[in-house]
Amino acid sequence: MTTFFELLISGISLGAVYALIALGFVVIFRATEVVNFAHASLLFAGGYVTALLTDDIGFWAALIVGIAGAAVVGSLVEFLVIRRYRGRDHSVLAIVTIGVDIVLLTDLTRRIGTDVLPLGDPWGDKIVQIGPLAIPETRIAALLTAALVIAVFLLAFRYTSWGVAMRAAAEDREAAALMGVRLGRVSLSAWAVAGALAAIAALFLTVFPTPGLERNTSLVALKAFPAAIIGGLDSTTGALAGGLIVGVTEAMVTGYQDELSFLGRGLGEVAPYLVMLLILLARPAGLFGTRELTRV
Amino acid sequence: MPHAALQVGALTAGYGPVRALREVTLTVGDGAVVAVLGGNGAGKTTLLRAISRTLGFHGGAVAGGEISFGETRLDRLAAPEVVAAGVVQVPEGRRVFARMTVADNLRAGALGAPRGSRSVSLERVHDLFPVLLERAAQPAGLLSGGEQQMLALARGLMAQPKLLLLDEPTLGLAPLAAERIAERIREINRQGTSVLLVEQNAAIALRVASEAYVLETGRVALSGPAAELAASDEVRRRYLGVVDEDAAADAERIADAAPVLRRWQP
Ligand SMILES: Nc1ncnc2c1ncn2[C@@H]1O[C@H](COP(=O)(O)OP(=O)(O)OP(=O)(O)O)[C@@H](O)[C@H]1O
Ligand SMILES: [Mg+2]
């Protein structure tokens with residue numbers, strides 16, 4: 001039973017991190033109707049900047065620069081690439097983001113090579129004992145940070161003018177423009193926010209028990225795709241639910257893989273995608289979504 | 001004090017090869033209500049899109065002519081800048097943000113307004129449309145058609161327009177609801193906002209407006225004081241559903257010949 005609760009907490013913590021990524025994904029989709037396949041490279045860019053600077057300027061400063069850096073990369077992608085294709089078919093835009101992803105990832109992985117870059121976080125491999133449960137500090141930090149960031153984000157989305165403009169533009173771009181909403185700014189801010197959220201996620205995907213940022217980190221980030229799709233591509237609530245479902249599923253399946261070994265090795269990696277397929281069979285638009293992926 | 005009149009001069013616009021407006025010239029004086037009448041496809045919506053600079057959303061463009069509001073040339077601006085200049089459109093089909101609450105729709109309307117003006121505007125639209133205050137927390141998609149039209153008008157007013165462009169505000173409304181909207185438009189105008197009113201419902205439009213233009217396949221076919229147009233045979237026949245004397249006589253003879261309707265009895 002202890003194992004179960006340890007896995008549950010670790011799964012929720014992992015899920016909260018996936019939710020950060022999925023939330024950015026959803027924000028971009030709502031603001032610009034673009035399925036952003038370059039999302040993992042935004043995350044990677046943020047993590048890379050933090051890793052690069054952490055020795056020189058200290059972890060916290062490096063983290064902030066990393067978050068800002070990912071926001072800038074996101075804005076640049078929007079400004080230099082996506083904006084040129086405005087009004088085109090959505091599938092064209094999705095393919096354009098795949099191109100952007102390949103360019104960014106190729107460059108970043110070339111720089112990293114086979115290195116593993118630690119981000120220099122203050123938690124290390126410390127374990128906290130809560131009653132009978134032994135939980136890594138990094139998991140608790142991830143959970144608290146992600147919960148806080150998500151709460152701030154959702155409040156801003158609901159109550160600020162920025163949030164109202166985002167939601168209005170997501171529902172009806174022309175009507176929003178008639179209200180004086182600057183769609184270019186909405187789209188730019190969506191990419192910047194998504195980049196920043198991804199950079200925070202990058203930190204928690206590379207801390208203990210993971211050794212650091214390496215070329216495979218972007219593959220880990222890809223698990224936020226099923227999270228976003230499970231929840232529904234255009235739903236912020238869905239991003240949270242999807243993230244948690246994927247995180248807990250992965251943690252459980254990996255934790256109990258000896259018991260599940262009859263299903264084969266590496267099931268933890270595949271499980272999120274299996275869950276996604278099952279949920280899409282029942283609900284093609286995702287749990288909270290209103291739009292099916294086929295309409296993208 | 002004609003400091004903010006809308007001037008449309010020889011405006012030509014279209015969608016790719018389709019010419020939807022040809023050399024349209026029109027003026028909305030400061031404080032006036034001007035109606036634009038015309039049948040389906042006459043170019044009424046295209047005219048408003050050209051003024052609000054949203055033709056681009058439909059693959060259309062202005063090909064010639066000019067549009068100015070007071071000293072400002074609108075035809076060089078982007079849509080949000082037209083709003084900032086004081087010209088706000090309430091589009092055809094209401095287009096409220098269905099998934100957002102009534103209150104958030106009104107907030108969205110204020111996004112283009114000067115900061116700090118929101119509470120004043122909110123008070124004004126709640127005075128004009130008290131029902132919106134009752135429904136503040138409801139998703140706009142759940143309102144009735146008439147209430148959605150009120151919300152669309154109110155949302156437009158939140159930007160504190162000097163000139164309001166209305167695209168068929170009574171479309172799809174029952175006569176009583178249409179009448180109520182017309183009355184509100186008069187009140188909005190009394191409070192100092194000029195109105196360019198696009199309508200197929202000529203009877204209502206000619207009662208609300210002081211001047212009117214009739215568009216036919218993209219051209220101005222007739223224009224003049226609303227009262228004169230309302231009295232002209234052509235407008236009566238084509239837009240007010242009033243038949244001329246001969247036709248009326250014909251109709252009467254047919255009616256006499258036809259069997260009188262009787263209540264259906266089981
Ligand atoms: N997006 C578009 N692409 C191509 N042609 C268009 C487009 N929108 C309108 N048109 C054409 O432009 C002309 C004018 O259309 P417009 O919508 O301005 O008419 P309208 O007077 O508003 O009609 P209605 O009363 O039916 O709303 C029509 O011939 C129409 O077919
Ligand atoms: Mg129209």
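Note that this is a predicted model, so its numbers are computed, not measured.

1. So, the overall build of chain A
Turning to step 1, where the next piece is worked out: A tally of helices and strands in chain A yields 12 helices and 2 strands.
Turning to step 2, where the next piece is worked out: Helices and strands appear in chain A in the N-to-C order α-α-α-α-β-β-α-α-α-α-α-α-α-α.
Turning to step 3, where the next piece is worked out: A compact globule built from 296 residues would reach a C-alpha radius of gyration of about 19 Å, and chain A, at 19 Å, matches this within 12%.
Turning to step 4, where the next piece is worked out: With respect to the three principal axes, the spread of C-alpha positions in chain A is 60 × 50 × 35 Å.
Turning to step 5, where the next piece is worked out: Counting across all 296 residues of chain A, residues that qualify as buried make up 54%.
Turning to step 6, where the next piece is worked out: Look at the contacts in chain A between residues 6 or more apart in sequence, and 75% of them connect residues 24 or more apart.
Turning to step 7, where the next piece is worked out: Carbon and sulfur atoms form 67% of the exposed surface of chain A, whose accessible area is close to 12700 Å².
Turning to step 8, where the next piece is worked out: Of the charged side chains in chain A, 20 are positive and 22 negative; the average position of the first set lies 10 Å away from that of the second.

2. Comments concerning the interface of chain B and chain A
Turning to step 1, where the next piece is worked out: Each side of the interface is counted separately: chain B has 25 residues, and chain A has 24 residues.
Turning to step 2, where the next piece is worked out: Roughly 2100 Å² of surface becomes buried between chain B and chain A when both sides are summed, with 58% attributable to carbon and sulfur atoms.
Turning to step 3, where the next piece is worked out: The three residues of chain B that bury the most area against chain A are F97(B), R99(B) and L111(B), which together make up 28% of that side's buried surface.
Turning to step 4, where the next piece is worked out: One can count 4 salt bridges joining chain B with chain A.
Turning to step 5, where the next piece is worked out: Here R167(A) and D104(B) are joined by a salt bridge, their closest N and O atoms 3.0 Å apart.
Turning to step 6, where the next piece is worked out: Linking chain B to chain A there are 9 residue pairs in polar contact (both at pLDDT 80 or more).
Turning to step 7, where the next piece is worked out: Those elements giving two or more residues to the side of chain B that touches chain A turn out to be helix 1 (44-52), helix 2 (79-84), strand 6 (87-90) and helix 3 (102-109) of chain B.

3. A word on the coordination of the magnesium ion (ligand 2)
Turning to step 1, where the next piece is worked out: The magnesium ion (ligand 2) binds to the protein through T45(B) (OG1) and E92(B) (OE), with metal-donor distances spanning 1.9 to 2.6 Å. In this pair, T45(B) is assigned in helix 1 and E92(B) in the loop between strand 6 and helix 3, connecting sequence segments 47 residues apart.

4. Topic: the side chain of D104(B)
Turning to step 1, where the next piece is worked out: Mapped onto the secondary structure, D104(B) falls in helix 3.
Turning to step 2, where the next piece is worked out: Among the polar contacts listed, one links the side chain of D104(B) to the side chain of R167(A), at a separation of 3.0 Å.
Turning to step 3, where the next piece is worked out: If we ignore the near neighbours within four places in the chain, the residues touching D104(B) are V164(A) and R167(A).

5. Points about the site of ligand 1
All names here are of chain B.
Turning to step 1, where the next piece is worked out: Of all residues adjacent to ligand 1, which total 15 residues, the nearest are N40, K44, T45, T46 and Q200.
Turning to step 2, where the next piece is worked out: Here K44 contributes a side-chain N or O atom positioned 2.7 Å from an oxygen atom of ligand 1.
Turning to step 3, where the next piece is worked out: A distance of 3.4 Å is found between a nitrogen atom of ligand 1 and a backbone nitrogen or oxygen belonging to H58.
Turning to step 4, where the next piece is worked out: Taken by itself ligand 1 offers 630 Å² of open surface, and the protein chains cover 67% of this.
Turning to step 5, where the next piece is worked out: With 4 residues, helix 1 is the largest single contributor of residues to the shell around ligand 1.
Turning to step 6, where the next piece is worked out: Its residues assigned to classes, the shell around ligand 1 comprises 3 nonpolar, 8 polar and 4 charged.

6. With respect to the packing of aromatic side chains
Turning to step 1, where the next piece is worked out: Across all of its chains, the model carries 10 aromatic pairs over all chains by this definition.
Turning to step 2, where the next piece is worked out: Centroid distance F157(A) to W162(A): 6.1 Å. Interplanar angle 65°. Geometry classified as edge-to-face.
Turning to step 3, where the next piece is worked out: The exposure class of F157(A) is buried, given its relative accessible area of 6%.
Turning to step 4, where the next piece is worked out: Ring pairs connect the aromatic residues F59(A), W60(A), W123(A) and F204(A), which therefore count as one cluster.
Turning to step 5, where the next piece is worked out: Looking at R155(B), its charged tip hangs above the ring of F97(B), at a distance of 4.7 Å from the centre.

7. Overview of the UniProt feature "transmembrane region" (unreviewed entry) in chain A
Residues and elements named next belong to chain A.
Turning to step 1, where the next piece is worked out: The sites that carry the UniProt feature "transmembrane region" (unreviewed entry) are, in the present numbering, residues 6-27, 59-80, 92-113, 140-157, 188-208 and 270-290.
Turning to step 2, where the next piece is worked out: Secondary structure content for residues 6-27 is 100% helix and 0% strand, while the C-alpha to C-alpha distance between its ends is 32 Å.
Turning to step 3, where the next piece is worked out: The straight-line gap between the two end C-alpha atoms of residues 140-157 is 26 Å; of that span, 100% is helix and 0% is strand.

8. Regarding helix 1 of chain B
A turn of α-helix holds 3.6 residues, and therefore any two residues three or four places apart point the same way.
Residue and element names in this part refer to chain B.
Turning to step 1, where the next piece is worked out: The buried count for helix 1 comes to 9 of 9 residues, which makes it a mostly enclosed element.
Turning to step 2, where the next piece is worked out: Considered for burial, the residues of helix 1 that qualify are K44, T45, T46, L47, L48, R49, A50, I51 and S52.
Turning to step 3, where the next piece is worked out: Downstream of helix 1 by a residue or two, R53 has a phi angle that is positive, lying close to 65°.

9. So, the domain arrangement of chain B
Residue and element names in this part refer to chain B.
Turning to step 1, where the next piece is worked out: Each assigned domain of chain B is listed here: domain 1 (4-86 + 161-257) and domain 2 (98-159).
Turning to step 2, where the next piece is worked out: When each unit is reduced to the centre of its C-alpha atoms, the spacing between domain 1 and domain 2 is 24 Å.
Turning to step 3, where the next piece is worked out: The interface of domain 1 with domain 2 comprises 13 residues on the first partner and 13 residues on the second.
Turning to step 4, where the next piece is worked out: Interface area, domain 1 with domain 2, both sides summed: about 1100 Å², of which 71% is carbon and sulfur.
Turning to step 5, where the next piece is worked out: There are 0 salt bridges connecting domain 1 and domain 2.
Turning to step 6, where the next piece is worked out: The tally of links between domain 1 and domain 2 comes to 3 residue pairs in polar contact (both at pLDDT 80 or more).
Turning to step 7, where the next piece is worked out: Listed by contribution, the elements that provide at least two residues to the side of domain 1 that touches domain 2 are strand 7 (163-167) and helix 7 (175-190).
Turning to step 8, where the next piece is worked out: By residue number, the principal contributor to the side of domain 1 that touches domain 2 is helix 7, which donates 4 residues.
Turning to step 9, where the next piece is worked out: Of the residues assigned to the side of domain 1 that touches domain 2, the class counts are 8 nonpolar, 2 polar and 3 charged.

10. Some details on the sheet that holds strand 5 (residues 72-73) of chain B
Strands in a sheet are paired, the pairing made by backbone hydrogen bonds, and the direction either parallel or antiparallel.
Residue and element names in this part refer to chain B.
Turning to step 1, where the next piece is worked out: With antiparallel pairing, 4 strands are arranged side by side in an open sheet as 2-1-4-5. Looking at the sheet topology across the chains shown, the edges are occupied by strand 2 (18-28) and strand 5.
Turning to step 2, where the next piece is worked out: Two strands pair when backbone bridges link them, and strand 4 (residues 60-69) and strand 5 are joined in this way by 2 bridges, in the antiparallel orientation. The residue bridging F69 from the neighbouring strand is T72, located in strand 5.
Turning to step 3, where the next piece is worked out: The sheet strands contacting helix 1 are strand 1 (6-15), strand 2 and strand 4, and the helix crosses strand 1 at an angle near 110°.

11. Some points on unusual backbone geometry
Turning to step 1, where the next piece is worked out: Residue P209(A) follows F208(A) across a cis peptide bond; omega there is 10°.
Turning to step 2, where the next piece is worked out: Residue position: P209(A) is located in the loop between helix 8 (183-206) and helix 9 (217-221).
Turning to step 3, where the next piece is worked out: Although it is not a glycine, E33(A) sits at a positive phi angle of roughly 60°.
Turning to step 4, where the next piece is worked out: Following the sequence through the fold, E33(A) ends up in the loop between helix 1 (2-32) and helix 2 (39-57).
Turning to step 5, where the next piece is worked out: The backbone of R53(B) sits at a positive phi, close to 65°, despite the residue not being glycine.
Turning to step 6, where the next piece is worked out: If you trace the backbone, R53(B) turns up in the loop between helix 1 and strand 4.

What counts and what doesn't
- Residues numbered from 1 in each chain as written.
- Chains lettered and ligands numbered in written order.
- Predicted model: local features only at pLDDT ≥ 70, side-chain atom pairs only at ≥ 80, totals over all residues.
- Heavy atoms only, no water.
- Helix = DSSP H or I, 4+ residues; strand = E, 2+ residues; numbered from the N terminus.
- Rg over C-alpha atoms; globule rule 2.2 N^0.38 Å.
- Buried < 20%, exposed > 50% of the residue type's maximum accessible area, 1.4 Å probe, protein only.
- Contact = heavy atoms within 4.5 Å.
- Areas by Shrake-Rupley, 256 points an atom, 1.4 Å probe, with all protein chains shown as cover.
- Lys, Arg positive; Asp, Glu negative; His and termini not counted.
- Charge placed at Lys NZ, Arg CZ, Asp CG, Glu CD.
- Buried area = accessible area lost by both parts, 1.4 Å probe.
- Salt bridge = Lys/Arg side-chain N within 4 Å of Asp/Glu carboxyl O.
- Polar contact = N/O pair within 3.5 Å; in protein donor to acceptor, adjacent residues only side chain to side chain.
- Donors = N, O, S within 2.8 Å, 3.2 Å for Na, K, Ca; no water.
- Near = heavy atom within 4 Å.
- Nonpolar A, V, L, I, M, F, W, Y, C, P; charged D, E, K, R; others polar.
- Phe/Tyr/Trp six-rings, centres within 6.5 Å; stacked < 30°, edge-to-face > 60°.
- Lys NZ or Arg CZ within 6 Å of the ring centre and 35° of its normal.
- UniProt positions renumbered as here; feature names shortened; annotations may be inferred.
- Domains from an automatic or database assignment.
- Pairing = 2+ DSSP bridges.
- Axes fitted to C-alpha atoms, helices over the stretch in contact; angles between N-to-C directions.

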